[in-house]
Amino acid sequence: MNTHLHKSPFLSLAVAALAFSCMITTAPPPEAATERSSDHDILSYFESALNSLRYPPLKLKNHSSAVQVAKKSAADEIARIARGSDFVKWIKFVRRAIHENPELAFEEHETSRLVRRELDGLDVGYRFPLAKTGIRAMIGTGKAPFVALRADMDALPIQGTVILLFQPAEEAGNGAKRMIEEGALEDVEAIFAMHVSHLLQTSVIGSRSGPLLAGCGFFKAIITGQQITSGNSHHSSDLVLAASAAVISLQGIVSRESNPLDSQVVSVTFVDSRDDPNVSPTSIAFGGTLRAFSTASFQRLVKRIEEVIVAQAKVYKCSATVDFFKDSDSIYPPMVNNDLMYEHVKRVSTDLGGPANFQVVEPVMGGEDFSFYSEVVPAAFFYIGIKNKTLGSVHSAHSPHFMIDEDALTVGAATHAAIAERYLSERAL
């Protein structure tokens, strides 16, 4: 989780998706009018979409077949709207406007103001602030069922009640946790989120059932003892040796104590001491990171890291304390996709673009604070590909060379919108 000065790529997709889905049920924002050839043309897209959603084109005697036709009709109409040249032009305009003003964790004041201005123009009600710069907006009847869509600073609605979670501080600060604490998930029974991936070809959707991203945390150990000179080391403790033994012993937790099929990581990433070659320090600090794909494995790592460090320090007549920063914003639980929500994303993605449009991805050790939402309600986190070698869109979102293939925007908007629409339509049956 590093800090960088370009806007999260998922924010771009989500803001665009928000605009698209909002406009399905309301007029487009006046700010974007100069970027479109005709407001009338744009509105005609959304009116036809609503008619399609309310009145399926085919009436079949078989209820199951009729439901499938209605689902496919809605998905096709959403995809058609997203591909419209006026909408594509507007969605790119919004994304570029946001990226002109990059803001860090809990400092998304201009981005939040832009989102609220768009919502005001659409006559969409919202609560502000949550988690300092966050927003909770609502579109629909205000009655159950409720479904939420979240982004690093955006989400999107369709028909029914859809909660929009405009979340700050995904890269640092656990914005999701603070959003939850301040009521962002009230009444919500399911939630979805999307993130770009430079490993998937442009517009391909990727996800997997179960663990997708690791739980991650950090630790700092301090070993203390009596200061001595090199000529009298036999009279007291040797902190350097104690710290060295502890660091080496930590490597055995994963290699010798963990199931090799249950991926885990314990890495020491720094050691800090004085640099006088003739005097042993009175304390040595070192620390690093721990990661695991299950809460049980993560907690076991926490327990064993502390036990190993304290025990090794004692062997060399030293004492040790270990801080896991449990009261800070540096611990993320594993991101585990709910099986049913994952299947929902897979079905919708396949319906929109065919079987080739969806790919099962491998889990990775990166962390994501959307995992806090997944601990409260059934959730699915998925990726949309932006890989395009011709454009140079081949770098991670955390790279200073990051470039997004904007052709993914319309597919991302359509996918996000269709996921919410299909969820609500299935709940209504």
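Going along each chain's sequence as written, the residues are numbered from 1 onward. This being a predicted model, a pLDDT of at least 70 is required before a residue's local features are given, and a value of 80 or more before pairs of side-chain atoms are given or counted; all residues contribute to the totals for chains, interfaces and linings. By convention in this description, side-chain values take in all heavy atoms of the structure and omit both hydrogens and water.

A.B. asks: So what exactly am I meant to see when it comes to the overall build of the chain here?
C.D. replies: Every helix listed is a DSSP run of H or I at least four residues long, and every strand listed is a run of E at least two residues long, numbered separately from the N terminus. Looking only at helices and strands, the chain features 11 helices and 14 strands. Considering the chain as a whole, with its 429 residues, one finds that 52% of them fall into the buried category. The contact rule is simple, with two residues in contact once any of their heavy atoms fall within 4.5 Å. Sequence-distant contacts in the chain: of pairs separated by 6 or more residues, those separated by 24 or more amount to 75%. As displayed, the chain has an accessible area near 18,700 Å², and 53% of this comes from carbon and sulfur atoms. Here the term buried applies to any residue with accessible area under 20% of the maximum for its type, exposed to any over 50%, and partly exposed to those in between, with areas from a 1.4 Å probe on protein chains only. The Shrake-Rupley method, run with a 1.4 Å probe sphere, supplies the accessible areas, and residue values consider only the shown protein chains as cover.

A.B. asks: Would you explain the sheet that holds strand S10 (residues 283–292) in this entry?
C.D. replies: By way of backbone hydrogen bonds, the strands of a sheet pair with one another, either parallel or antiparallel. One open sheet accounts for 4 strands, arranged S9-S10-S8-S11; its pairing is antiparallel. At either end of the open sheet lies a strand with only one pairing partner, and these are strand S9 (264–272) and strand S11 (319–323). Recorded for the sheet is a direction-independent mean angle of 20 degrees between the axes of neighbouring strands. In this description, strands pair whenever DSSP reports at least two bridges between them. Inspection of the sheet shows S9 paired to S10 by 8 bridges, in the antiparallel sense. Note on S10: the bridge partner recorded for Val266 is Leu290. Across the sheet, helix H8 (residues 295–315) lies against strand S8 (215–224), S9, S10 and S11, angled at about 160 degrees from S10, the strand it touches most. Interaxial angle, 0 to 180 degrees, is taken between N-to-C directions of lines fitted to C-alpha atoms, where a helix line uses only the stretch in contact.

A.B. asks: What's the story with the layout of surface pockets in this structure? I'm lost.
C.D. replies: The probe, sized like a water molecule, is rolled over the atoms to show the empty space still left. The space that makes up the largest pocket amounts to roughly 590 Å³. Surrounding the largest pocket, 25 residues form its lining, His195, Val196, Leu213, Val364 and Tyr383 being those nearest its centre. Mapped by element, the contributors of at least two residues to the lining of the largest pocket are strand S5 (191–201) and strand S14 (379–387). Three residue categories are used. Nonpolar comprises Ala, Val, Leu, Ile, Met, Phe, Trp, Tyr, Cys and Pro, charged comprises Asp, Glu, Lys and Arg, and polar comprises the others, including Gly. Here the lining of the largest pocket is composed, by residue class, of 11 nonpolar, 9 polar and 5 charged. Points on a 1 Å grid over protein atoms alone make up a cavity when a 1.4 Å probe fits among them but cannot get out, and a pocket when they form an open set with protein on both sides within 12 Å along at least five of seven lines; lining residues each have an atom within 4 Å of a point. Grid points are joined across faces, edges and corners, and a volume is the space filled by probe spheres set on the points.

A.B. asks: I'm lost on the environment of Ala413 in this one. Help?
C.D. replies: Here Ala413 shows up in helix H11 (residues 408–428). Sequence separation between Ala413 and Ile91 is 322 residues, and the spatial gap between their C-alpha atoms is 9.1 Å.

That's the geometry; what it means functionally is another story.
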